[in-house]
Amino acid sequence: MWIPTEHEKYGVVIASFRGTVPYGLSLEIGDTVQILEKCDGWYRGFALKNPNVKGIFPSSYVHLKNACVKNKGQFEMVIPTEDSVITEMTSTLRDWGTMWKQLYVRNEGDLFHRLWHIMNEILDLRRQVLVGHLTHDRMKDVKRHITARLDWGNEQLGLDLVPRKEYAMVDPEDISITELYRLMEHRHRKKDTPVQASNHHLFVQMKSLMCSNLGEELEVIFSLFDSKENRPISERFFLRLNRNGLPKAPDKPERHCSLFVDLGSSELRRDIYITVHIIRIGRMGAGEKKNACSVQYRRPFGCAVLSIADLLTGETKDDLILKVYMCNTESEWYQIHENIIKKLNARYNLTGSNAGLAVSLQLLHGDIEQIRREYSSVFSHGVSITRKLGFSNIIMPGEMRNDLYITIERGEFEKGGKSVARNVEVTMFIVENSGQILKDFISFGSGEPPASEYHSFVLYHNNSPRWSELLKLPIPVDKFRGAHIRFEFRHCSTKEKGEKKLFGFSFVPLMQEDGRTLPDGTHELIVHKCEENTNLQDTTRYLKLPFSKGILLGNNHQAIKATKESFWITSFLCSTKLTQNGDMLDLLKWRTHPDKITGCLSKIKEIDGSEIVKFLQDTLDTLFGILDENSQKYGSKVFDSLVHIINLLQDSKFHHFKPVMDTYIESHFAGALAYRDLIKVLKWYVDRITEAERQEHIQEVLKAQEYIFKYIVQSRRLFSLATGGQNEEEFRCCIQELLVSVRFFLSQESKGSGALSQSQAVFLSSFPAVYSELLKLFDIREVANLVQDTLGSLPTIVHVDDSLQAVKLQCIGKTVESQLYTNPDSRYILLPVVLHHLHMHLQEQKDLIMCARILSNVFCLIKKNSSEKSVLEEIDVIVASLLDILLRTILEITSRPQPSGSAMRLQFQDVTGEFVACLLSLLRQMTDRHYQQLLDSFNTKEELRDFLLQIFTVFRILIRPEMFPKDWTVMRLVANNVIITTVLYLSDALRKNFLNENFDYKIWDSYFYLAVIFINQLCLQLEMFTPSKKKKVLEKYGDMRVTMGCEIFSMWQNLGEHKLHFIPALIGPFLEVTLIPQPDLRNVMIPIFHDMMDWEQRRSGNFKQVEAKLIDKLDSLMSEGKGDETYRELFNSILLKKIERETWRESGVSLIATVTRLMERLLDYRDCMKMGEVDGKKIGCTVSLLNFYKTELNKEEMYIRYIHKLYDLHLKAQNFTEAAYTLLLYDELLEWSDRPLREFLTYPMQTEWQRKEHLHLAIIQNFDRGKCWENGIILCRKIAEQYESYYDYRNLSKMRMMEASLYDKIMDQQRLEPEFFRVGFYGKKFPFFLRNKEFVCRGHDYERLEAFQQRMLNEFPHAIAMQHANQPDETIFQAEAQYLQIYAVTPIPESQEVLQREGVPDNIKSFYKVNHIWKFRYDRPFHKGTKDKENEFKSLWVERTSLYLVQSLPGISRWFEVEKREVVEMSPLENAIEVLENKNQQLKTLISQCQTRQMQNINPLTMCLNGVIDAAVNGGVSRYQEAFFVKEYILSHPEDGEKIARLRELMLEQAQILEFGLAVHEKFVPQDMRPLHKKLVDQFFVMKSSLGIQEFSACIQASPVHFPNGSPRVCRNSAPASMSPDGTRVIPRRSPLSYPAVNRYSSSSLSSQASAEVSNITGQSESSDEVFNMQPSPSTSSLSSTHSASPNVTSSAPSSARASPLLSDKHKHSRENSCLSPRERPCSAIYPTPVEPSQRLLFNHIGEGALPRSDPNLSAPEKAVNPTPSSWSLDSGKEAKNMSDSGKIISPPVPPRPTQTASPARHTTSVSPSPAGRSPLKGSVQSFTPSPVEYHSPGLISNSPVLSGSYSSGISSLSRCSTSETSGFENQVNEQSAPAPGPGPSYSGPDEPGRKESKTPPPYSVYERTLRRPVPLPHSLSIPVTGEPPALPPKPLAARPGHLENGTRRTEPGPRPRPLPRKVSQL
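### Regarding the overall build of the protein
Across its full length, the protein carries 63 helices and 42 strands. Across the 1963 residues in the protein, those meeting the buried criterion constitute 55%. Once local pairs closer than 6 in sequence are excluded, the contacts in the protein between residues at least 24 apart make up 76%.

### A closer look at the pattern of salt bridges
Per the stated rule, a full pass over the model turns up 91 salt bridges. A salt bridge links Glu700 to Lys703, with the shortest nitrogen-to-oxygen separation between them at 3.8 Å. Taken together, the positions of Glu700 and Lys703, both in helix α19 (residues 696-703) and 3 residues apart, correspond to about one turn of that helix. Between Glu1355 and Arg1351 there is a salt bridge whose closest N-O contact spans 3.7 Å. Here Glu1355 and its partner Arg1351 are both found in helix α49 (residues 1345-1355), 4 residues apart, which amounts to about one turn of the helix. Bridged by salt links that share partners, the residues Glu219, Arg236, Arg240, Arg298, Glu448 and Glu469 form one connected network.

### Remarks on the sheet that holds strand β24 (residues 424-431)
In any sheet, the strands associate via hydrogen bonds between backbone groups, in a parallel or an antiparallel arrangement. Pairing in this open sheet of 5 strands is antiparallel, and the strands run β25-β24-β27-β28-β30 from one edge to the other. Of all strands in the sheet, those bounded by a partner on one side alone are β25 (453-455) and β30 (528-529). Both strand β28 (residues 500-509) and β30 contribute to a ladder of 2 bridges, which runs antiparallel. When the sheet's bridge partners are listed, Phe505 is paired in β30 with His528.

### Looking at the sheet that holds strand β26 (residues 466-473)
Pairing is antiparallel in the open sheet, where 4 strands are placed in the order β26-β23-β31-β29. Each edge of the sheet is formed by a strand with only one pairing partner; in this case those strands are β26 and β29 (521-526). Put simply, the sheet's adjacent strands are angled 25° from each other on average, direction ignored. Here strand β23 (residues 402-412) pairs with strand β31 (residues 566-575) via 10 bridges, running antiparallel. In the strand pairing of β31, Arg410 is matched with Trp568.

### So, the side chain of Arg945
If you trace the backbone, Arg945 turns up in helix α32 (residues 941-959). Separated by 2.5 Å, the side chains of Arg945 and Asp1000 make a polar contact. Not counting residues within four places of it along the chain, the set of residues in contact with Arg945 comprises Phe994, Asp1000, Lys1002 and Ile1003.

### What to know about helix α27 (residues 824-844)
Here α27 spans 30 Å end to end across 21 residues, near enough to the 30 Å set by a 1.5 Å rise per residue. If you look at α27, its biggest bend is around 40°, right at Leu830, and the proline Pro832 turns up within four residues after that. Looking one or two residues past α27, Gln845 carries a phi angle of roughly 55°, positive in sign.

### Focus on the environment of Ala975
For Ala975, the location among the structural elements is in helix α33 (residues 969-993). In this structure, the C-alpha to C-alpha distance between Ala975 and Arg924, residues 51 residues apart in sequence, is 9.2 Å.

### Re helix α18 (residues 674-688)
The terminal C-alpha atoms of α18, which comprises 15 residues, lie 21 Å apart, in line with the 21 Å expected from a rise of 1.5 Å per residue. Those residues of α18 that sit buried are Ala674, Tyr675, Asp677, Leu678, Ile679, Val681, Leu682, Tyr685 and Val686.

### Overview of the confidence of the model for the protein
In the predicted model, the protein carries a mean pLDDT of 76, and the fraction of residues at 70 or more is 75%. Low pLDDT, under 50, characterises residues 553-561; the predicted model gives this stretch 3 contacts beyond four residues in sequence or across chains. In this model, residues 1592-1963 is a region of pLDDT below 50 whose contacts with residues beyond four sequence positions or in other chains number 916 contacts.

### Quick notes on the side chain of Ser1184
Relative to the helices and strands, Ser1184 is located in helix α43 (residues 1176-1193). Relative accessible area serves as the criterion here: at 16%, Ser1184 is assigned to the buried category. Setting aside its immediate chain neighbours within four residues, Ser1184 contacts Arg1161 and Phe1329.

### As for the packing of aromatic side chains
The final tally for this structure, using the stated rule, is 66 aromatic pairs. Relative to Trp1144, the ring of Phe1103 lies with its centre 5.3 Å away and its plane at 70°, an arrangement referred to as edge-to-face. You can see Phe1103 sitting in the loop between α39 (1087-1100) and α40 (1104-1119) and its partner Trp1144 sitting in the loop between α41 (1125-1138) and α42 (1145-1169), a full 41 residues away along the chain. On the numbers, 5.8 Å between centres and 50° between planes, the contact of Tyr1127 with Phe1131 is tilted. Residue Tyr1127 and its partner Phe1131 are located together in helix α41, separated by 4 residues, close to a single helical turn. An aromatic cluster is defined as three or more aromatic residues linked by ring pairs; in this entry it consists of Phe952, Phe999, Tyr1001, Trp1004, Tyr1007, Phe1008, Trp1052, Phe1062 and Phe1070. The positively charged end of Lys1205 is found above the aromatic ring belonging to Tyr1202, 4.3 Å away from the centroid. Cation over ring: Lys1460 sits above Tyr1444, and NZ or CZ is 4.6 Å from the ring centre.

### Overview of the packing of helix α29 (residues 869-895) against helix α31 (residues 928-936)
The interhelical angle for the contact between α29 and α31, taken along N-to-C directions, is 30°, at an axis separation of 11 Å. Like other packed secondary-structure pairs, α29 and α31 cross with a definite hand, here right-handed. Residues Leu872, Ile875, Asp876, Val879 and Leu883 of α29 form the contact with α31, whose participating residues are Arg929, His930, Gln933 and Leu934. Along the lines of polarity and charge, the residues of the contact of α29 with α31 split into 5 nonpolar, 2 polar and 2 charged.

### Observations concerning the environment of Leu510
If you trace the backbone, Leu510 turns up in the loop between β28 and β29. With 25 residues separating them along the chain, Leu510 and Ile485 place their C-alpha atoms 7.3 Å apart. Apart from residues no more than four positions distant in its own chain, Leu510 is found in contact with Leu404, Ile475, Phe480, Ala483, His484, Ile485, Thr517 and Leu518.

### A few points about unusual backbone geometry
The omega angle of the peptide bond from Ile1063 to Pro1064 is 5°, so this bond is cis rather than trans. Inspection of the secondary structure puts Pro1064 in the loop between α36 (1040-1055) and α37 (1067-1074). Following Leu1449, the chain continues into Pro1450 via a peptide bond in cis, with omega recorded as -5°. Of note in the backbone geometry, Tyr23 takes a positive phi value of approximately 65° without being a glycine. Turning to its location among the elements, Tyr23 is positioned in the loop between β2 (10-13) and β3 (32-39). Under the relative-accessibility criterion, Tyr23 is labelled exposed at 73%.

### Section: the environment of Pro1244
Examined against the element boundaries, Pro1244 turns out to sit in the loop between β32 (1236-1237) and β33 (1246-1247). Given a relative accessible area of 46%, Pro1244 falls into the partly exposed group. Those residues in contact with Pro1244, other than ones at most four positions away along the chain, are Arg1238, Glu1239 and Arg1251.

### Structural notes on the nonpolar core
Soluble globular proteins tend to pack their nonpolar side chains together in the buried interior. Counting 302 residues, the largest nonpolar core has Tyr711, Phe915, Trp1004, Phe1008 and Phe1070 as its most contacted members. Look past the residues within four positions of Tyr711 in its chain and what remains in contact with it is Leu620, Phe624, Leu642, Ile646, Met661, Tyr664, Ile665, Phe669 and Leu678. Counting residues in hydrophobic clusters, the runner-up holds 58 residues, among them Phe225, Leu510, Phe547 and Phe567.

### Points about the packing of α33 against helix α34 (residues 1001-1016)
For the pair α33 and α34, interaxial distance at closest approach is 12 Å and the crossing angle is 155°. In this view, α33 runs roughly antiparallel relative to α34, as classed from their interaxial angle. The hand of the α33/α34 crossing is left-handed. Along its contact with α33, which presents Asn976, Ile979, Ile980, Val983, Ser987 and Leu990, the element α34 presents Ile1003, Trp1004, Tyr1007, Leu1010 and Phe1014. Looking at the contact of α33 with α34 residue by residue, the class counts come to 9 nonpolar, 2 polar and no charged.

### With respect to the pairing of β3
In terms of burial, β3 is largely enclosed, as 6 of its 8 residues are buried. Sheet topology places strand β1 (residues 3-4) next to β3; 2 bridges connect them, and they run antiparallel. Within β3, the residue paired with Pro4 across the bridge is Glu37. Note that β3 and strand β4 (residues 42-47) share 6 bridges and pair antiparallel. Residue Val33 lies in a different strand from β4, and its bridge partner there is Ala47.

Rules used in this analysis
Residues numbered from 1 in each chain as written. Predicted model: local features only at pLDDT ≥ 70, side-chain atom pairs only at ≥ 80, totals over all residues. Heavy atoms only, no water. Helix = DSSP H or I, 4+ residues; strand = E, 2+ residues; numbered from the N terminus. Buried < 20%, exposed > 50% of the residue type's maximum accessible area, 1.4 Å probe, protein only. Contact = heavy atoms within 4.5 Å. Salt bridge = Lys/Arg side-chain N within 4 Å of Asp/Glu carboxyl O. Pairing = 2+ DSSP bridges. Axes fitted to C-alpha atoms, helices over the stretch in contact; angles between N-to-C directions. Polar contact = N/O pair within 3.5 Å; in protein donor to acceptor, adjacent residues only side chain to side chain. Expected span 1.5 Å × (residues − 1). Bend = angle between axes of the 7 residues up to and from the residue. pLDDT = per-residue confidence, 0-100. Phe/Tyr/Trp six-rings, centres within 6.5 Å; stacked < 30°, edge-to-face > 60°. Lys NZ or Arg CZ within 6 Å of the ring centre and 35° of its normal. Left-handed = near helix turned anticlockwise from the far one by under 90°. Nonpolar A, V, L, I, M, F, W, Y, C, P; charged D, E, K, R; others polar. Core = buried A, V, L, I, M, F, W, Y, C linked by side-chain atoms within 4.5 Å. Parallel < 35°, antiparallel > 145°, perpendicular 65-115°, else oblique.

Dropping the structure here:
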């Protein structure tokens, strides 16, 4: 039976439990569980991480922990009874664990590893705490470490700042808000601004001296030097180096490491230097021989200097190399460091050995104990301490020092009878009176142990040596008296013996006879002469002698002779025991000289403070002893001396001696009667304040009042103890009288001078310190009343001195902080006066920082749940006095501009924060009664209205994100809790007072906006919190958003008809609230929209305003990440339900549907935008949204915004063509007008014309980058027209050049044809804009089906790829999954004209194949009926699916939705026809490419031939015969007669193509492939026989195949005789002379003589007839090559049937084109043909002088003469005869080369009609489609004449125009004929010139054919007839008809409908 647990409430899982039993709860090790019930070894409960799931688990799996239970029962809460630090650690580590793993996922490796280390550290520390064996101090230390690490981790992970008190987390409910604010602020400041250390220490480690020629031991002396004051500021660090320059004692770190301690912040400046002096120990001269002298001297070696400022970066300067310098003259050694600092380069230079000193330096910050802790390794290994000279900045009591510093300065010595100066060495000893030398009291520096004697360094030959060596003598006090220092002077010989001869000595006693020590300063000592053997051990012999020149002058009884030589030293005593001050000694010995007491007391102010504090207790005893001796006589003097000493301790240097005085008062002070005198004198001073002119001394007295009162109180207590409390009343009266005097003096106003107010300020600043003393003797209420009276006596006039006002506030602040205010009884007495002064200051907005601090302290004492009567009364007083002024103050300071300085800004934020905390504290303390009293206190509605507006505004300010730092969530939640409580109180007042006739829009509006801002706060969005944090917040505060939402709804319902005031203004704010993912809040708020629609409908009959506002706000809010799918469904369902019964239901449903659809798209858009890379999904989603805004909502601004978002996406993905189309959408909205446009997105303010121009240029640039140059040309033309209309020729020129460059790119650059793929998105898991739709996508370059499929699967990683192409069924549509169906589709170009037209280069055709495509096709073969196993073609049907898109590709997206699909079935016969047509087409293309050398490798042709022939032989084509040519099929399908005939034609055509293909193949096939070729030939004959085709090669020598782009081209210069395909001849290139000047010749009738001349000039010997044997040439259809192959090799074929006059109508005027010869054709981009120098020369020559040309890819001569030869060899003259019989053929003679450069062509006239050409301004003549090669009847084939002819009058209207853009001059240069030498009639004459064949091509060859005799074709090869010629392809340039001078206009031979250029908007 399950029993509720009593004690087993809380446990930790110690082993994972999988929960496999029924009702089992799955648990992980480490989970914490709350236990509800137990039964037979099982518990029932839940894991705290997921409290909603309850279950059972074994009790053995859980370790129980002690816990206390709150709210026992169903909603009980269990809190573990463990140390709060442990609880925090546990919960924090759990939160970190999840986030730590996320760091790994996000690849933040550095933080991941650091956090891992910290977590391990915390776990270790946690174990130590849990074990519980730590001492109290150690536990404190461990907790400090834990909290520091927790805070660090929280900060790094962006978690909340935790308020703590003594390392434990604080519950904000248990403390006042002001205290909480202070805790938060303290932790925040601690985190942000580390406290600047006031103490600094320099760590020095000597590494080595690097020098090339050492060989001697060295002494290195470090010290700190102040270059500003020219003095050392530290002792010396001394160390010895061996001969190798390394420290002598490497095993003793203290010998080569030192810490320079106690550097103040003032000493970290640039003029403080580290100086290093190096002394060598050795011979006198550095270069002397080793055996010269055995005695060693200390000699200068070098000096190095480094500024301490170089170390302020905080980095360790390891292995710093300091340069070592030496002075030029030894006599300046004493100041070498100064010279180096001052950079006096002339006085020093680098040492000869170029030495470098290697040291390590580091600056450490903090007090010495902190340094010991943080750098324990340094101290544990050993380090010497180098002190500052003298006392540190702060003298600590108990510090024992007795150091005498002696600086050996300089000497003046006589030569001593020698010719050169002496080498003087000074030796120093410390000698006792007895003559005994004191051992080990001379310290050279901190690194070296003290020595007994000192030897100075020696300066060579110098009688005035200067040493400046500093020594420290740490002599004990007991040895000091009677000791003296002796200096002995010796001359050091440099001779071999190296003797040191004594020649004099000096001495100086350490203490004078009166007990004073040697005074500080420089002393000039007498040098007493003596001999070498003088015995100085007997000190009595010389101690009676004078030692100093100062004494000598005073007692002039010694011989003057002794004064010639002098020796100077400087002494400085640093002692806590000895004094040099005689006045001090006199004061301490006052009893021996009573007569000197007055003088001593007067001189006490002159004594140095350090002397007084050294003897503080003795001095105080002395003073009170004198007071006891004679208080009448010395009372005031002693009082003044006492005041001086008290004030001395205020100095920061002696501040630490205050405890010494406190101890003295408590323990040693014995003046029981002193209080009377002290009170009397103090009152006397206070009474004199108002009258005294000079207030300085009185101010000193007032400053010392704290300690005076301490003495008074202690004295009175001692008296009471001694007398049993006598004279108590008298004492009270004295104090009362004293305070009356004080009150009088405080109440005085300063008139004129500010001296009085200064005295008042001094008194007030120290007065609060007196309270605690008074409390020792008086009752707390008495003291409170005394203080209240005193503070109340202050003048209340505000305009008094500002400094006094500040001090007054400080006094009140200290009062509030004092013990007196803490007591509730005294607090109630003091509170009114405190609030009075605060109110006064806040009203004037003065001293706000101090006011904030005082208020904070006031509220800190009022706990949250204090319901005591006294507290409620206090709140009453505070509300009445301060609430209003507090609100105004917050409004005032938050509306001010923030200060610029960072320190000021911090202070400003602190003040704001403190006032806010005070307001929140006050509001939290207010009860119902307080609120009611407050609201009742307003006399009028206006006052109430102002108050409510004010408080709502303040609340809005408090909610601002910047009010508190972002990690102060605790503080924000507390603030929000207070705000919502207050708002709930105030909303009643709003309802009662401001509805109906008293309605006030402003106040209601303020209320609603506050509520909306409140709900939208980031800190209240619980969904973003971790589960544990969310749980805590909900337990403590609940979901405050729901509470506020309910309040909004309630208030809205109360508004009634006033709701109309808030429509549509509140739609946006309320919508923002409903987007918050809180179901309860949404359910409450969404119905408000129904209410708004209803009221709007009542007012205006529609709700357009509501709709417009909803749509506008939805976009911005959802793009910010708000809203979700659940919201969309909820919005839809709630509102639809609400409007069911409304009369306006239909329009309401429409609005809701529109908004819902918009949400769908916005949600999809947002989800897509979260992806990292730009993909199709993002672009498709943006397109969907963009179209929705345009078509359904008609929101132009949003539409344009999304155009630009889409544009940016395309640019990022490098979809430049799509980017251009996208920008074109915006461009189409603009006109070429001067309408001004506002600044928008990234566009500046400009006119519409300027913006459209900018857009045009951007679009052209993108079309260019996307290789969509044809579209760019159209735009270039449009903008050029604008420039032309404005006469902006500069830009017009640029635009024309840009247009020309685009033409160049079309012809020159390679473009890849993309593949297209159909993609179906099926299943409900796809975004709305894709769901169950199919699209066609334009693939990337080189992207094939597999790559595309993989890309799509990467974009949709959860999608399943469907493996079939069938349409899916409904189950797939409705599946909760993603299915992708992808297959390739074929684009069907809209216009086939360009593609079918012959002579158009492939680079042009390639554009039309894959651009502007609306329709795509996909074929699926299948068998209908019974499949014939022997011949499957009989039943092989094809299902052809045609897909029509909503927009053409390419467009604004790479994919567009399929709008319509058509499915048709093709019969087996239709399928066979299409297969053969396609194969024939492929063969023609490959043959053409091979023949024109467009492919280096012949393999594709080989494989294709092999495939076709092999298949035909093995049953391919024959299967068609079997299937469709049999009688059975023909009879059963009579309707297929035409199709069967067509199939037969195609089969015969294929045979002819194959024959010609084999001929070409034979010519190019490599040797190793010959056997395969032979096999193909053999198989071909088999194939022909199988088809029933007889040998037709006898009558058809070359296969006259209809090639798609005209026949394969050969050179015009090919031989007239028929040639086989392998009879290739290489034709030499023409010289530049072979090209007449382009467009510069008149084509008037010329004689054949001229023609012959030209032939001679060109150097060609063959007959000219061949020149005109031209046939149309093919363009390659391969995209990979943009040009034809090399023109060097020409091929010919048998001269069979070149061109029949019997052409079908379809091709009638396709002959009217001229063709490019291979020589003029551009070379392949992939296989370029090298240009010979002659050609290059020609191109350069013509290119420079030529007129504008439209085809940028061709040079001028190529444009002028661009004939295309046939690949078929032609017969000579027979065709000509036939042609002359059948038509009127006129051929002009070849014109002579003129000399002029300008073209006279425009003066010619046209005799016969000519094709319409373009005007000179607009480019070239329209191109014509080249003719296919046709057949005559077999009898005529071999003899058919060449078709050639020209206009009789030459060329007109072409002088300035260039050729067609499509194929050079193919559209103008037509076949010409000349007199032929062959058989047939010859014509000559001006009108009908003879048909001579000429090798030289004329500049233009134009022909006209007026009559054609129809010749029937064989039935097997007949071609269907079309009525009209094909329309011309759309050209980028609009044609303008050219006018001739004589008024005649060329006309086209036949009607040629021309489509207009595509509109830009359709691009």
